[in-house]
Amino acid sequence: MRVFFFSTCLGGVAYADTCVNAIKLLQKEGCEVVFKKDQTCCAQPSYNSGYYDESRKVALHNIRLFQGEEPIIVPSGSCAGMMREDYLELFEGRSELAEVKQFCQRIYDLGEYLHKVLGVKYEDKGNPVKVTWHSNCHALRTSKVVDSAKALINSLQNVELVELEREEECCGFGGSFSVKEPEVSYAMVSQKIEDILSRNVEYVISADAGCLLNISGALKKQNAPIKPIHLYDFLAQRIGLGA
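Student: Can you help me understand the packing of aromatic side chains in this one?
Tutor: Two numbers describe a pair of aromatic rings. These are the distance of the centres and the angle of the planes. Summed over all chains, the structure comprises six aromatic pairs. On the numbers, 5.6 Å between centres and 70 degrees between planes, the contact of Phe4 with Phe66 is edge-to-face. Linking Phe4 in strand 1 (residues 2-5) with Phe66 in the loop between helix 4 (52-65) and strand 3 (72-74), this pair joins segments that are 62 residues apart in sequence. The exposure classification of Phe4 matches that of Phe66, with both residues buried.

Listed below in structure tokens is the structure:
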């Protein structure tokens, strides 16, 4: 099967290795992965800041870049939610809506695609380990793909997933929110870390690069022993595809 891969901004800037592992996970299942070099932001930061005209220009660039019928795989529930759900609201009542709808129907979060479309079965090659999971807000409430991520983790026989008490609370990143309101953001991520530390685990896993940047920075600042890791790095590591 031929698929397109949308790497996301943070994937390109800070999580390039994660994108490589995500592509390896798709290739392992026999997918031919196509990477469009002119792809850009999904437009979520500008959309959330109220710059709707500018966001439409960015969205239309991506829509017309990824023409075809192939699935478009996104390694972020946040960006997938923007491209699959928020694009529809952004173009509601506009002449491009039919084109946008066709595009939105082709968007899949990677975890969702691995779990629900490809039905992957992984052989866990790692040692026994306890982990916890942070749900990105947009993945939880917009793209609604958290169940697939957890199912992939729970399928690994040597991995024990310990749920957070306050899993559905925001980590305080929120894109530009963490820049505009740094004190509030740090208070929120500190509460998240308190919850993570109380679980007595080795790793905190998320499928969102922004949340991981925020949580990992705060963990380092607080000298906390928990290791933050992206879901697709963790999966690749457990099945012998990644370091």
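Next comes the rest of the account.
Student: I'm lost on the state of the cysteines in this one. Help?
Tutor: Each disulfide consists of one covalent bond between the sulfur atoms belonging to two cysteines. All chains considered together, the criterion is met by zero disulfides. For the unlinked cysteine Cys9, the closest cysteine sulfur is that of Cys41, found at 3.6 Å.

Student: Just to check I follow, could you spell out the sheet that holds strand 5 (residues 129-133) for this structure?
Tutor: Note: strands within a sheet are paired through backbone hydrogen bonds, in either parallel or antiparallel orientation. Within the open sheet, the four strands sit side by side as 6-5-7-8. Their pairing is parallel. Whereas interior strands pair on both sides, the edge strands pair on one side only; in this sheet they are strand 6 (159-161) and strand 8 (227-230). Strand-to-strand, the axes of this sheet are offset by a mean angle of 35 degrees, without reference to chain direction. The pairing of strand 7 (residues 203-206) with strand 8 spans four bridges and is classified as parallel. Looking at the pairing, Ile205 lines up with Ile229 of strand 8. Helix 12 (residues 209-221) rests against strand 7 and strand 8 of the sheet, and its axis sits at about 170 degrees to strand 8. Each of strand 5, strand 6, strand 7 and strand 8 touches helix 13 (residues 231-238); the most contacted strand, strand 8, lies at about 90 degrees to it.

Student: What is the right way to look at the sheet that holds strand 2 (residues 32-35) in this model?
Tutor: On the basis of which strands lie adjacent, the open sheet formed by four strands has the order 2-1-3-4 and parallel pairing. Every interior strand has two partners, whereas the edge strands, strand 2 and strand 4 (107-109), have only one. Adjacent strand axes in the sheet meet at a mean angle of 35 degrees when their direction is disregarded. Most of the contacts of helix 5 (residues 77-90) go to strand 4, to which it runs at about 160 degrees, and overall it touches strand 3 and strand 4.

Student: Please explain the packing of helix 7 (residues 110-117) against helix 9 (residues 146-154) as it appears in this structure.
Tutor: Each pair of packed helices gets described by two things: the angle between the helix axes and the distance between those axes. Two elements in contact, helix 7 and helix 9, have axes separated by 8 Å at closest approach and are oriented at 65 degrees. As the angle between them shows, helix 7 and helix 9 are arranged roughly perpendicular. Classified by chirality, the crossing of helix 9 by helix 7 is left-handed. Contacts between helix 7 and helix 9 pair Gly111, Glu112, Leu114, His115 and Lys116 from the former with Asp147, Ser148, Ala151 and Leu152 from the latter.

Student: How do you make sense of the environment of Lys116 when you look at a structure like this?
Tutor: With respect to the helices, strands and loops of the structure, Lys116 is situated in helix 7. Expressed as a C-alpha distance, the spacing of Lys116 and Ser155, which sit 39 residues apart in the sequence, is 13 Å. Residue contacts for Lys116: discarding those within four places in its chain leaves Asp147 and Ser148. Within the structure, Lys116 has its side chain in polar contact with the side chain of Asp147 (distance 3.2 Å).

Student: In this structure, what is going on with the pattern of salt bridges? I would like to understand it.
Tutor: Pairs may arise between side chains of opposite charge once their charged atoms sit close together. The tally for this structure, following the rule as stated, stands at 15 salt bridges. Here Asp147 makes a salt bridge to Lys116, at a shortest N to O gap of 3.2 Å. Of this pair, Asp147 sits in helix 9 while Lys116 sits in helix 7, placing them 31 residues apart in sequence. A salt bridge links Lys150 to Glu167, with the shortest nitrogen-to-oxygen separation between them at 2.8 Å. Taken together, the residues Lys150 in helix 9 and Glu167 in the loop between strand 6 and helix 10 (177-180) connect sequence positions 17 residues apart. Summarising the burial analysis for this pair, Lys150 and Glu167 share the class buried. Through salt bridges with shared partners, one network takes in Arg2, Glu32 and Glu70.

Student: Teacher, can you tell me more about the nonpolar core here?
Tutor: Generally speaking, soluble globular proteins have nonpolar side chains that are buried together. By size, the foremost hydrophobic cluster in this structure holds 37 residues, and its most contacted members are Leu26, Tyr122, Val131, Trp133, Ile205, Leu231 and Phe234. Among the elements that line this core, the one with the most residues is helix 2 (residues 16-28), at five residues. Counting 25 residues, the second-largest nonpolar core is a separate cluster that includes Ile72, Leu90, Leu97 and Ile107.

Quick notes on the rules
- Counting restarts for each chain: residues are numbered from 1 in the order of the written sequence.
- In keeping with the predicted nature of the model, local features appear solely for residues at pLDDT of at least 70, side-chain atom pairs appear and are counted solely at 80 or more, and the whole-chain, interface and lining totals rest on all residues.
- Excluded from the side-chain calculations are hydrogens and water; all other atoms, namely the structure's heavy atoms, are used.
- Centres within 6.5 Å are what make two rings of Phe, Tyr or Trp a pair, Trp counting through its six-membered ring; a difference in plane orientation under 30 degrees is then read as stacked, over 60 as edge-to-face, and the rest as tilted.
- Counting from the N terminus, the helices are the DSSP runs of H or I reaching at least four residues and the strands are the DSSP runs of E reaching at least two.
- Under the scheme applied here, a residue whose accessible area is under 20% of the maximum for its type counts as buried, over 50% as exposed, and between as partly exposed, the area being computed with a 1.4 Å probe on protein chains only.
- Whenever a pair of cysteine sulfur atoms sits within 2.5 Å, that pair is classed as a disulfide.
- In this scheme, strands are said to pair when DSSP sees at least two bridges between them.
- A fitted line through C-alpha atoms serves as each axis, taken over the contacting stretch for helices, and the angle formed by two N-to-C directions is quoted from 0 to 180°.
- Should any heavy atoms of two residues lie within 4.5 Å, those residues are counted as being in contact.
- Here the word oblique covers every angle except those under 35 degrees (roughly parallel), over 145 (roughly antiparallel) and from 65 to 115 (roughly perpendicular).
- Working rule for handedness: look at the near helix, and if it is turned counterclockwise from the far one by less than a right angle, call the crossing left-handed; if clockwise, right-handed.
- In protein, a polar contact requires one atom able to donate a hydrogen and another able to accept it; more generally it is a pair of N or O atoms within 3.5 Å, and residues adjacent in sequence count only if both atoms are side-chain atoms.
- Throughout this description, the term salt bridge denotes a Lys or Arg side-chain nitrogen within 4 Å of a carboxyl oxygen of Asp or Glu.
- We define the nonpolar core as a collection of buried residues of types Ala, Val, Leu, Ile, Met, Phe, Trp, Tyr and Cys that are connected through side-chain atoms lying within 4.5 Å of one another.

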